[in-house]
Amino acid sequence: MKIKIGYELYNVIFHEDPIVCDDVRVEGYWEGTTQTIHIYKDLASTKKKQVVMHELFHAIENFFNIENVTEDQIQRLSTGILMVLRDNKELVKFLME
Ligand SMILES: [Zn+2]
């Protein structure tokens, strides 16, 4: 899957094997230098969407040079946006018109 963020085009790669970053197992991570979002494939469906949205927020944070955003803020904002979009199909349709 590809995700366009402004003029940047991210590749989303779903990995079969667990992802380890700095000796810690993670559900996903984003890589600005290669414009890639890595996601562990074997997550529950909703969890996988939340992780994609979380990493997407990191990419947007980077694109707009937003500073001092905490991991907790990214987590709550990304989860909140996904929740509202999933619960409001009419809103999504309106936004996409
Ligand atoms: Zn994060």
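Above this note sits the structure.
Residues numbered from 1 in each chain as written. Predicted model: local features only at pLDDT ≥ 70, side-chain atom pairs only at ≥ 80, totals over all residues.

Draft legend 1. Focus on the environment of Arg 76. Residue position: Arg 76 is located in helix H2 (residues 71-87). C-alpha separation for the pair Arg 76 and His 54, spaced 22 residues apart in sequence, amounts to 8.8 Å. (Helix = DSSP H or I, 4+ residues; strand = E, 2+ residues; numbered from the N terminus.)

Draft legend 2. Region of the structure containing the pairing of strand S1 (residues 2-5). Across four bridges, the pairing between S1 and strand S2 (residues 8-15) is antiparallel. If you follow Lys 4 over to S2, its bridge partner there is Leu 9. In sequence, S1 turns back onto S2 through a hairpin of two residues, with Gly 6 there showing a positive phi of about 60°. (Pairing = 2+ DSSP bridges.)

Draft legend 3. Looking closely at the packing of helix H1 (residues 45-63) against H2. For the pair H1 and H2, interaxial distance at closest approach is 9 Å and the crossing angle is 120°. Regarding the angle of H1 to H2, the classification is oblique. Crossing geometry of H1 relative to H2 is assigned as right-handed. For the pair H1 and H2, the contacting residues are Lys 49, Gln 50, Met 53, His 54, Phe 57, His 58 and Glu 61 in the first and Ile 74, Gln 75, Leu 77, Ser 78, Thr 79, Ile 81 and Leu 82 in the second. For the contact of H1 with H2, the class distribution of residues is six nonpolar, six polar and two charged. (Axes fitted to C-alpha atoms, helices over the stretch in contact; angles between N-to-C directions. Parallel < 35°, antiparallel > 145°, perpendicular 65-115°, else oblique. Left-handed = near helix turned anticlockwise from the far one by under 90°. Contact = placed C-beta atoms within 7 Å. Nonpolar A, V, L, I, M, F, W, Y, C, P; charged D, E, K, R; others polar.)

Draft legend 4. Looking closely at the sheet that holds strand S5 (residues 28-31). Here four strands make up an open sheet; going across it, the order is S1-S2-S6-S5 and the pairing mixed. Each having just a single partner strand, S1 and S5 make up the two edges of the open sheet. Sheet twist, expressed as the mean angle between neighbouring strand axes with direction ignored, is 20°.

Draft legend 5. Structural view of the pairing of S5. Residues Gly 28 and Trp 30 line the buried face of S5, whereas the alternating positions Tyr 29 and Glu 31 sit on a face that is not buried. Relative to strand S6 (residues 36-40), S5 runs antiparallel, the two sharing four bridges. Residue Trp 30 lies in a different strand from S6, and its bridge partner there is Ile 37. Here S5 hands over to S6 after four residues, with Gln 35 in that stretch at a positive phi of 50°. (Buried ≥ 20, exposed ≤ 12 C-beta atoms within 10 Å, placed from the backbone.)

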